[in-house]
Amino acid sequence: MSKAPRQKQNSANDGFGRTARSKRVNESEGIVHGEVPSREVLLKFIAEHPQQASKREIAKAFGLKGDTRVVLKALLKELEVDGMVQKNRKSLMRPGGLPPVTVLDITTRDKDGELIGRPAEWPEDQGAAPAVLIRQSSQDRGKKGPAAGLNDRVLAKIFPSKDRSGPAYTARVIKLIDRRQSALIGVFKEQPGAGGRLMPVDRRGEELVIDPDGVGDAKDGDLIEVEVSRNSGRYGLKRAKVLSVIGSVASEKAISMIAIYGHGIPHIFPQNVLAEADAAKPATMAHREDWRDLPLITIDPADAKDHDDAVYAEPDTSPDNPDGVIVTVAIADVSYYVRSGAPLDREALKRGNSVYFPDRVVPMLPERISNDLCSLKEGVDRPALAVRMVFSKEGRKASHTFHRIMMKSAAKLSYQQAQAAIDGKPDDKTGPMLEPILKPLWHAYEVMKRGRDRRQPLELDMPERKIVLRDDGTVDKVIIPERLDAHKLIEEMMIQANVSAAETLEKKKQPLVYRVHDAPTLAKQETLREFLATLGITMAKGGQVRANSFNGILARAEDTPHQIMVNEMVLRSQSQAIYSPENIGHFGLNLMKYAHFTSPIRRYADLIVHRALVGSLGLGEGGITPQEEATLDDIAAEISTFERRAMAAERDTINRLIAHHLSERVGEEFEGRVGGVTKAGLFVALPQFGADGFVPISTIGTDYFIYDEAHQALTGEKTGLGFQLGDTVQVRLAEAVPLAGALRFEMLSEGRKMPAGTRSFHKTARRSGGRTAAPGTRPPRRKR
């Protein structure tokens, strides 16, 4: 950056309550060094320099030190409050902007034949995803990148475009993640003598014509994968040919297969990956401590097929820690079997995580690894990474150490089995373990809980529903599993093991992938504050919000008619947890250092942390490599995207299963709860099914309705009757579309008298003018 010579300046007030200092001017950027820029200059800089948009980099670019950095911080906070910028990890960006490294799906070409991509994941509340022009290597100053084409998924470096006539961004491909065929899936509808049609399974899909010579082995009702071949004419339907028959749409696996194909989830292991897994041999004692006599046990769901964590606890006999406890957590040593750069590793990164459907699991690793060699089976020698944590009687962690061990699980228990033993109903297996193993574990949890209660993580009351299937794959019932102390015990021990991993790696100055969760944006805080005010609940304005601030709000709503509604609104105000090599802490857990360590069988992030521990602590083979360290930014971006992909696929499958379950009950009446309010209508949840359906505003009574965002309400302009988030209502199921996972309801309730003020402002959504929203959609859940 060229800089003009320093010149002596006259002292003058610059509008920020300070006097101007000596300045250096960068003529090419219009940056005056040593002086806090105007809002306009600052916004322009953030938009044009996404790589330098952290507070530190901005201060450095403008040459700010001392008091001027404080002024800059205040100005950036002001811009965030005004909604002009938003946080992305530690960086700032314009609302609706893209982070410097983004996963893109290449979807089309422009009129000049250039490739156009869009972000693989994009929040629905931010409108249409921005288009990105993919730079070819010849355009990018000689920088070579992977050759990408239509339908590919890529990891790309993002740049603001200087061409105002085209997309707002350009991108250089860093890595080709997935080369996808131009294929679609749908249901084959036979038309005798004329081939057939492809009926789309996506609500945004379109019908395709399949000529007789393109039918292949498809039969009526089959779920098929097709390749779009050509158009029949200017106004005709597109034509396609069958690539493969996935199976009958009536089969038990069809609904999850729709999500697998629709979201591009890799589900078939390549032969070289299976060969490497099959050739793997059991781990030896090299570089390991022998802990096979320590009675570690696994506590998992009753139907779990792999076991990647085991626990043990005992009193601390040290006189320096009276009434303290020692907790040991052992985690399957996946890093021994899955080495960096090997076929197993490349496939695991391509998947990012295991994906869980009601009828199947798409694993990150082949069964030979996940369910056999790495699973901590009862009575079998298994390699593990263990952390030994010492807690004071107040629940404060005093110290911890990591060990690479060989262990032998003393028992495999289910949550219900362990809890029953503690509650006075041991069985033949848990009876002998009660005094020496189970009671010390529960005592240790009580000690650790004191520390958790003092830390006050965010405590949302949002029970998760579980779908129970019949043998034929159809829905039997939807249940809310009981939340046991056994669940909480394992959760808290895993959290503390994750904290210990992050602390150790930071102390070793070892690069790693953190699990980070940013505080809610100021805009979301303001939306929540306005909503709570309508219920008479106050929320402090300004300052650094903490997790326990929300706990106070939740406590005030407890045992009131608004309890569920407030929990949902607090959930919606939260940011998305992601993976990042830059640590900003975990807001929800109220932790400064946190990294996923405890599930390397099913999460790639944990495998990276294991390798980092092995390498930095000198624990033998399988440590992190310099090449991995150099690409942690890319890895974090990929696995964050793959996690969201898995969540979307799981959610879509549940919606389709429930819609299929209710498809024979069209016309029936149900009691539901308003779970979302929009200008286009109401989302109504049926708690007993865990399902969401849509009530279009055009079908609600005969009044004109006004949308009030602050109150989360629709209010009749003439009658004053309306509906608010959380209201209990009666609805009739008007339509169920199983393949789209969509339900449409008719409102039977007249609504209730709304509080004064709900019609005084905000946009009017008239029966004829409301936007049509996709039925069956719902706000995404957050993961920790």
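Parameters at a glance
- Residues numbered from 1 in each chain as written.
- Predicted model: local features only at pLDDT ≥ 70, side-chain atom pairs only at ≥ 80, totals over all residues.
- Heavy atoms only, no water.
- Helix = DSSP H or I, 4+ residues; strand = E, 2+ residues; numbered from the N terminus.
- Buried < 20%, exposed > 50% of the residue type's maximum accessible area, 1.4 Å probe, protein only.
- Contact = heavy atoms within 4.5 Å.
- Areas by Shrake-Rupley, 256 points an atom, 1.4 Å probe, with all protein chains shown as cover.
- Salt bridge = Lys/Arg side-chain N within 4 Å of Asp/Glu carboxyl O.
- pLDDT = per-residue confidence, 0-100.
- Axes fitted to C-alpha atoms, helices over the stretch in contact; angles between N-to-C directions.
- Parallel < 35°, antiparallel > 145°, perpendicular 65-115°, else oblique.
- Nonpolar A, V, L, I, M, F, W, Y, C, P; charged D, E, K, R; others polar.
- Pairing = 2+ DSSP bridges.
- Polar contact = N/O pair within 3.5 Å; in protein donor to acceptor, adjacent residues only side chain to side chain.
- Core = buried A, V, L, I, M, F, W, Y, C linked by side-chain atoms within 4.5 Å.
- Lys, Arg positive; Asp, Glu negative; His and termini not counted.
- Patch = residues over 30% accessible without salt bridge, like charges linked within 9 Å, V, L, I, M, F, W, Y side chains within 5 Å.
- Charge placed at Lys NZ, Arg CZ, Asp CG, Glu CD.
- Left-handed = near helix turned anticlockwise from the far one by under 90°.

Further remarks concern the overall build of the chain. When helices and strands are counted, the chain shows 16 helices and 37 strands. Counting the 784 residues in the chain, one finds 49% classified as buried. Put simply, of all contacts in the chain between residues at least 6 apart along the chain, 66% involve residues at least 24 apart. Just so you have it, the chain exposes about 36,600 Å², and 49% of that area is on carbon and sulfur atoms.

Here we take up the pattern of salt bridges. Within the structure shown, the criterion is met by 37 salt bridges. When the shortest N-O distance is used, the salt bridge between Arg529 and Glu526 registers 2.4 Å. You can see Arg529 and its partner Glu526 sitting in helix H11 (residues 522-534), 3 residues apart, about one turn around the helix. Among the ionic contacts, a cluster of salt bridges with common partners joins Arg452, Arg455, Glu459, Arg483, Glu491 and Glu492.

Predicted confidence across the chain gives a mean pLDDT of 84, with 84% of residues reaching 70 or more. This model gives residues 1-30 a pLDDT under 50, and the stretch forms 43 contacts once residues within four places in sequence are excluded. Low pLDDT, under 50, characterises residues 760-783; the predicted model gives this stretch 73 contacts beyond four residues in sequence or across chains.

The next thing to look at is the packing of helix H14 (residues 604-616) against helix H16 (residues 632-662). Following both chains from N to C, one finds H14 and H16 inclined at 150°, their axes separated by 10 Å at the closest point. Comparing their axes, H16 and H14 come out roughly antiparallel. Of the residues in H16, those touching H14 at Tyr604, Ala605 and Ile608 are Leu632, Ile635 and Ile639. The residue makeup of the contact of H14 with H16, split by class, is 6 nonpolar, no polar and no charged.

Next up on the list: the pairing of strand E33 (residues 721-724). Inspection of the sheet shows strand E32 (residues 713-716) paired to E33 by 3 bridges, in the antiparallel sense. Residue pairing across strands places Leu714 opposite Phe723, the latter belonging to E33. Between E32 and E33, which pair antiparallel and follow one another directly, the connecting turn spans 4 residues, one of which, Gly720, has a positive phi of 80°. Relative to strand E36 (residues 752-753), E33 runs antiparallel, the two being bridged by 2 bridges. Of the residues in E36, the one forming a bridge with Gly722 is Arg752.

Let's shift gears to the environment of Ala61. Among the secondary structure elements, Ala61 is positioned in helix H2 (residues 55-61). According to the relative accessible area criterion, Ala61 is buried, its value standing at 7%.

A separate point is the side chain of Glu643. If you trace the backbone, Glu643 turns up in helix H16. A distance of 2.9 Å separates a polar atom in the side chain of Glu643 from a polar atom in the side chain of Arg515.

Ranked by internal contacts, the top residues of the largest apolar core, which has 90 residues, are Ile297, Val327, Val329, Met493 and Phe597. If near-sequence neighbours (up to four positions away) are discounted, Val327 is found in contact with Tyr312, Ala313, Val387, Arg388, Met389, Phe391, Ala444, Met448 and Met493. One finds Ile553, Ile697, Ile700 and Tyr707 within the second-largest nonpolar core, a separate group that totals 49 residues.

A separate point is the side chain of Asp316. Relative to the assigned elements, Asp316 resides in the loop between strand E17 (309-315) and strand E18 (325-332). Within the buried set, Asp316 has no salt-bridge partner at all; the shortest N-O distance to an opposite charge, 6.0 Å, is to Arg388. For Asp316, the side chain forms a polar contact with the main-chain nitrogen of Ser318, separated by 3.1 Å. Side chain to side chain, Asp316 and Asn321 meet in a polar contact 2.9 Å long. For Asp316, the residues in contact, after removing those within four places along its chain, are Asn321, Gly324, Val325, Ile326 and Val390.

This brings us to a negative patch on the surface. Together, Asp423, Glu446, Glu482 and Asp485 give the surface a local cluster of negative charge. As for its position among the elements, Glu482 is in the loop between strand E25 (475-479) and helix H10 (485-507).

Take the sheet that holds strand E7 (residues 132-134) next. Read around the barrel, 5 strands follow the order E5-E6-E7-E9-E8 and close on themselves; strand pairing throughout is mixed. Going across the sheet, the axis of each strand differs from the next one's by a mean of 50°, ignoring polarity. Where strand E8 (residues 153-160) meets strand E9 (residues 169-178), 8 bridges bridge the pair, whose relative direction is antiparallel. From the neighbouring strand, Arg153 faces E9, where its bridge partner is Asp178. The strands touched by H16 within the sheet are strand E5 (101-109), E8 and E9, with E5 carrying the most contacts at an inclination of about 65°.

The next thing to look at is the packing of H10 against H14. It is the contact of H10 with H14, at a shortest axis distance of 10 Å, that shows an interaxial angle of 45°. Overall, the two elements H10 and H14 adopt an arrangement that is oblique. The way H10 lies across H14 gives a crossing that is left-handed. Residue-level contacts link Ala501, Thr504 and Leu505 of H10 to Val609, Ala612, Leu613 and Ser616 of H14. Residue composition of the contact of H10 with H14, grouped by class: 5 nonpolar, 2 polar and no charged.

Now for the pairing of E9. Regular strands show a simple pattern: their side chains alternate between the two faces of the sheet. Where burial is concerned, most of E9 is hidden: 7 out of the 10 residues are buried. For E7 and E9, the ladder comprises 3 bridges, and the chain directions are parallel. Looking at E9, one finds that Leu133 is bridged to Thr170.

Moving on: unusual backbone geometry. We note that Asn590 has phi near 55°; this positive angle belongs to a residue other than glycine. Tracing the backbone shows Asn590 in the loop between strand E27 (578-580) and H14. The phi dihedral of Gln712 is positive, around 50°, even though this residue is not glycine. Along the polypeptide, Gln712 turns up in the loop between strand E31 (705-708) and E32. Residue classification places Gln712 among the buried positions, given a relative accessible area of 7%.

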